[in-house]
Amino acid sequence: MLGICAFPMNVRAYADADLESLRAMHAAQGFRYPFPDLADPLFLVRTVVEEDGRPRMAALLRLTAEAYLLADPREGSPRQRWRWLLGLHEAMRHEAASRGLADAQAFLPPPVARAFGRRLGSLGWRRDPWTCFTRQL
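Note that the coordinates shown come from a computational prediction; the quantities given were computed from them, not determined experimentally. (Residues numbered from 1 in each chain as written. Predicted model: local features only at pLDDT ≥ 70, side-chain atom pairs only at ≥ 80, totals over all residues. Heavy atoms only, no water.)

### Structural notes on the overall build of the chain
- Within the chain one finds three helices and five strands.
- For the chain, the succession of helices and strands along the chain, N to C, is β-α-β-β-β-α-β-α.
- The C-alpha radius of gyration computed for the chain amounts to 20 Å, which surpasses the reference 14 Å derived for 137 residues by more than 25%, pointing to a less compact arrangement than a globule.
- Considered along the principal axes of its C-alpha atoms, the chain spans approximately 65 × 30 × 25 Å.
- Burial statistics for the chain: of 137 residues in total, 10% are counted as buried.
- Taking as baseline every contact in the chain between residues at least 6 positions apart, the subset at least 24 positions apart corresponds to 51%.
- With an accessible surface of roughly 11,500 Å², the chain has 58% of that area assigned to carbon and sulfur atoms.
- Across the chain, the mean location of the 19 positive side-chain charges is 11 Å away from that of the 15 negative side-chain charges. (Helix = DSSP H or I, 4+ residues; strand = E, 2+ residues; numbered from the N terminus. Rg over C-alpha atoms; globule rule 2.2 N^0.38 Å. Buried < 20%, exposed > 50% of the residue type's maximum accessible area, 1.4 Å probe, protein only. Contact = heavy atoms within 4.5 Å. Areas by Shrake-Rupley, 256 points an atom, 1.4 Å probe, with all protein chains shown as cover. Lys, Arg positive; Asp, Glu negative; His and termini not counted. Charge placed at Lys NZ, Arg CZ, Asp CG, Glu CD.)

In structure tokens, the structure reads:
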């Protein structure tokens, strides 16, 4: 049990026996994304709240990567910087995939989000429609 609430509950690691209950929770939420593959090793944390002998809620943490780009805007011409970015992008994409990562996220500062976002879009990135919240651990 975790000492974060005033009433008793069982917070425990996910077990294979929980799968159908979690599938039912996911379906009841009605969100349009596929049920995650809980056997994927990128799910580093799989935690369930159990009450009255059955799962009531679950939280999952899947490893992803946050992309940072460091570049001096005074270096090279726009065409050169684009060429450099293309080479860097492909190298990083292959390196991340070879290490087992499934995705990466890029958080763009507001002053460059529109223009650079279009560039990222041309490289296969998409603007995520889901609102992002961050929590420092």
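Next, the rest of the story.
### Thoughts on a nonpolar patch on the surface
- Residues Leu44, Val45, Leu61 and Leu63 make up a contiguous nonpolar surface patch of about 360 Å² in total accessible area.
- Take Val45: it is sitting in strand β2 (residues 43-51). (Patch = residues over 30% accessible without salt bridge, like charges linked within 9 Å, V, L, I, M, F, W, Y side chains within 5 Å. Salt bridge = Lys/Arg side-chain N within 4 Å of Asp/Glu carboxyl O.)

### Comments concerning the packing of aromatic side chains
- In total, this model carries three aromatic pairs according to the counting rule given.
- Ring geometry for Phe31 versus Tyr33: centroids 6.3 Å apart, planes at 15°, classification stacked.
- For Phe31, a relative accessible area of 44% translates into the label partly exposed.
- Chaining the aromatic ring pairs together yields one cluster made of Phe31, Tyr33 and Trp130.
- The residue whose ring lies beneath Arg119 is Trp82, and the NZ or CZ to ring-centre distance is 4.6 Å. (Phe/Tyr/Trp six-rings, centres within 6.5 Å; stacked < 30°, edge-to-face > 60°. Lys NZ or Arg CZ within 6 Å of the ring centre and 35° of its normal.)

### Examining the pattern of salt bridges
- Summed over the entire model, instances satisfying the criterion amount to nine salt bridges.
- A salt bridge links Arg74 to Asp72; the nearest nitrogen and oxygen atoms lie 2.9 Å apart.
- Since its relative accessible area comes to 28%, Asp72 is described here as partly exposed.
- Residue Arg126 is joined to Asp128 by a salt bridge in which the shortest nitrogen-to-oxygen separation is 3.8 Å.

### What about the sheet that holds strand β3 (residues 54-62)?
- Spatially, the three strands line up as an open sheet ordered β1-β2-β3, and their pairing is antiparallel. The strands lining the two open edges of the sheet, one partner per strand, are β1 (10-13) and β3. On average, each strand axis in the sheet is tilted by 25° relative to the strand beside it, whichever way the strands run.
- Bridging between β1 and β2 involves four bridges; their strand directions are antiparallel. By the bridge assignment, Ala13 is partnered in β2 with Thr47. (Pairing = 2+ DSSP bridges. Axes fitted to C-alpha atoms, helices over the stretch in contact; angles between N-to-C directions.)

### Observations regarding helix α2 (residues 78-98)
- Taking 1.5 Å of rise per residue, 21 residues should cover 30 Å, and α2 covers 30 Å from first to last C-alpha, within 8% of that figure.
- Immediately downstream of α2, the backbone of Gly100 shows phi near 95°, a positive value. (Expected span 1.5 Å × (residues − 1).)

### Re unusual backbone geometry
- The backbone phi angle of Asp52 is positive, close to 55°, even though this residue is not glycine.
- When you line up the elements, Asp52 lands in the loop between β2 and β3.

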